[in-house]
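Read off the chains here:
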Amino acid sequence: MTKTLHLGQTLSFTGDPFIEGPAAATHSSRGAVLVEGGRVSATGEADALRAAHPEAIVEDHGDGLILPGFVDAHMHYPQTAMIASWGKRLIDWLNSYTFPEEGKFADRAYADEIAGRTLDLALAHGTTTLTSFCTIHPSSVDAFFEAAQARGMAGFAGKTCMDRNAPDYLSDTSQSAYDDSKALLERWHGKGRATYVITPRFSPTSTPEQLEALGALWAESPSCLMQTHLSEQVDEIEWVKSLYPQARDYLDTYEAHGLLGERGLYGHAIHLEPREADRLRETGAGLVHCPTSNTFIGSGLFDMAARVAEGQRIGLASDTGGGSSFSMLRVMGAAYEIGQLKRNPIHPAQLLWLATEGSAKVLHAEGEIGRLAPGAMADMIVLDLASTPGIAQRSAVASDIWEALFPTIMMGDDRAIAATYVAGRRMKG
Ligand code: GUN
Ligand code: FE
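The following paragraphs examine the structure supplied in this document. (Residues numbered from 1 in each chain as written. Chains lettered and ligands numbered in written order. Predicted model: local features only at pLDDT ≥ 70, side-chain atom pairs only at ≥ 80, totals over all residues. Heavy atoms only, no water.)

## Considering the overall build of the protein
Then step 1. Scanning the protein from terminus to terminus reveals 16 helices and 16 strands.
Then step 2. Against the 2.2 N^0.38 benchmark of 22 Å for 429 residues, the protein shows a C-alpha radius of gyration of 21 Å, consistent with a compact globule.
Then step 3. Residues counted as buried form 60% of the 429 residues belonging to the protein.
Then step 4. Long-range contacts, defined as pairs at least 24 residues apart, comprise 75% of the intrachain contacts of the protein with a sequence gap of at least 6.
Then step 5. With the model as given, the accessible surface of the protein reaches about 15,100 Å², and the carbon-plus-sulfur share is 51%.
Then step 6. If the 35 positive side-chain charges of the protein are averaged to one point and the 53 negative ones to another, these points end up 2 Å apart. (Helix = DSSP H or I, 4+ residues; strand = E, 2+ residues; numbered from the N terminus. Rg over C-alpha atoms; globule rule 2.2 N^0.38 Å. Buried < 20%, exposed > 50% of the residue type's maximum accessible area, 1.4 Å probe, protein only. Contact = heavy atoms within 4.5 Å. Areas by Shrake-Rupley, 256 points an atom, 1.4 Å probe, with all protein chains shown as cover. Lys, Arg positive; Asp, Glu negative; His and termini not counted. Charge placed at Lys NZ, Arg CZ, Asp CG, Glu CD.)

Dropping the structure here:
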């Protein structure tokens with residue numbers, strides 16, 4: 001089997017930087033990653049691995065920083081073409097931009113075009129795994145998984161279900177949502193690198209009957225993930241309370257219908273009540289922080305310090321097109337800025353961990369993606385820490401790897417991604 005030895009700077013986590021601080025990461029200024037059969041087979045110092053594997057093909061990335069590809073734990077591929085739409089808050093933004101665009105996915109050719117475009121944009125920005133909402137159209141799910149499969153990428157996605165408060169052309173029923181989701185998960189879940197994610201959009205666009213049907217489907221297919229939105233905007237929460245008068249809080253609308261669990265992904269989770277935070281932690285559910293979306297739509301400030309102190313499982317995501325950037329570097333930068341507004345300076349080691357290992361953990365895919373260690377898939381990127389003159393002049397005088405990396409987190413974009421690999425295959429650079 002062909003062996004490829006990648007040489008460059010390397011950074012890898014041996015622990016959780018939210019517990020151990022930056023010491024949870026090991027940096028090598030001349031490190032190496034050995035790839036065989038699409039997986040990482042060894043990591044270490046360049047000289048030692050070269051000597052041990054003299055037959056390996058060498059790819060020398062110089063000062064480039066070899067990292068796991070970024071893992072985006074929540075986004076909407078059907079919103080790619082309407083990213084950065086000006087001027088609305090959540091509910092108006094959904095009605096005036098999002099739903100008309102999602103309606104176009106009745107056309108399979110359009111879905112194929114946008115799925116391919118989205119995955120190519122992701123790879124150009126160093127994101128090797130997307131977790132996506134699709135539209136209510138089952139063929140939008142086929143389009144996403146087929147495009148991911150064609151690129152060798154892991155994909156997490158599901159049919160978005162809505163049976164009220166959505167236009168007729170985007171509405172299903174509780175029965176068709178169950179039937180279509182079941183057929184799709186039977187077609188895709190566990191096929192190659194595909195994971196099916198049962199996807200009620202959010203409580204306002206589902207009847208209690210639909211949530212109940214999807215909760216039953218999840219109970220029948222417990223290895224699937226489940227994704228939705230939770231407590232994003234204050235007026236949304238008020239709406240949920242009026243639609244579900246019996247519910248104790250927003251999370252209870254999911255919990256009461258079998259939609260709270262360890263393999264559940266709850267996007268935003270900003271304005272949590274104490275009971276909600278307790279239940280999320282007790283069940284080990286995944287909270288997905290979407291900072292560029294939260295600032296863009298004006299949703300609020302995620303309380304990272306409180307959630308970390310509670311011991312929540314937390315991932316990071318772009319939430320495009322509610323989020324205004326395809327770059328997980330920009331998403332990390334926005335997470336830092338929101339942290340600053342909450343008087344919590346999130347360390348670059350923690351930001352990097354959230355965008356890789358943290359997201360992989362909420363997806364229950366740690367060890368497989370989000371990490372460059374023996375056994376993991378060789379989904380990896382090479383970061384140029386001097387990709388623009390402004391970044392280069394700052395990283396040139398850095399005193400350690402974190403100071404060298406942080407300007408790229410705050411100021412970097414797709415120009416900082418010197419190369420992207422999926423299962424060892426070069427997709428960029
Ligand atoms: N809540 C329900 N649907 C959406 C969506 O598409 N984007 C965001 N940001 N929030 C939502
Ligand atoms: Fe979202």
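Continuing now.
## Notes on the site of ligand 1
Then step 1. Taken together, 13 residues are adjacent to ligand 1, and His76, Gln79, Arg201, Glu232 and Asp319 come closest.
Then step 2. For ligand 1, a nitrogen atom lies 2.8 Å from a polar atom in the side chain of Arg201.
Then step 3. Measuring from a nitrogen atom of ligand 1, one finds a side-chain N or O atom of Glu232 at 2.7 Å.
Then step 4. Protein chains bury 100% of the 280 Å² of accessible surface belonging to ligand 1 in isolation. (Near = heavy atom within 4 Å. Polar contact = N/O pair within 3.5 Å; in protein donor to acceptor, adjacent residues only side chain to side chain.)

## Some details on the coordination of the iron ion (ligand 2)
Then step 1. For the iron ion (ligand 2), every protein donor is listed as His74 (NE2), His76 (NE2), His229 (NE2) and Asp319 (OD), and the spread of their distances is 2.1 to 2.2 Å.
Then step 2. Classification of the site at the iron ion (ligand 2) rests on its four donor atoms, whose angles at the metal span 92 to 167 degrees, yielding the label irregular.
Then step 3. If you list the donors of the iron ion (ligand 2) from N- to C-terminus, the spacing comes out as H-x1-H-x152-H-x89-D. Here the residue His74 occupies a position in strand 5 (residues 70–76), and His229 occupies one in strand 10 (residues 225–230), the gap between them amounting to 155 residues. Across the pair, His229 and His74 agree in class, each one buried. (Donors = N, O, S within 2.8 Å, 3.2 Å for Na, K, Ca; no water. Tetrahedral: all angles 85-135°; square planar, octahedral: opposite > 155°, others 65-115°.)

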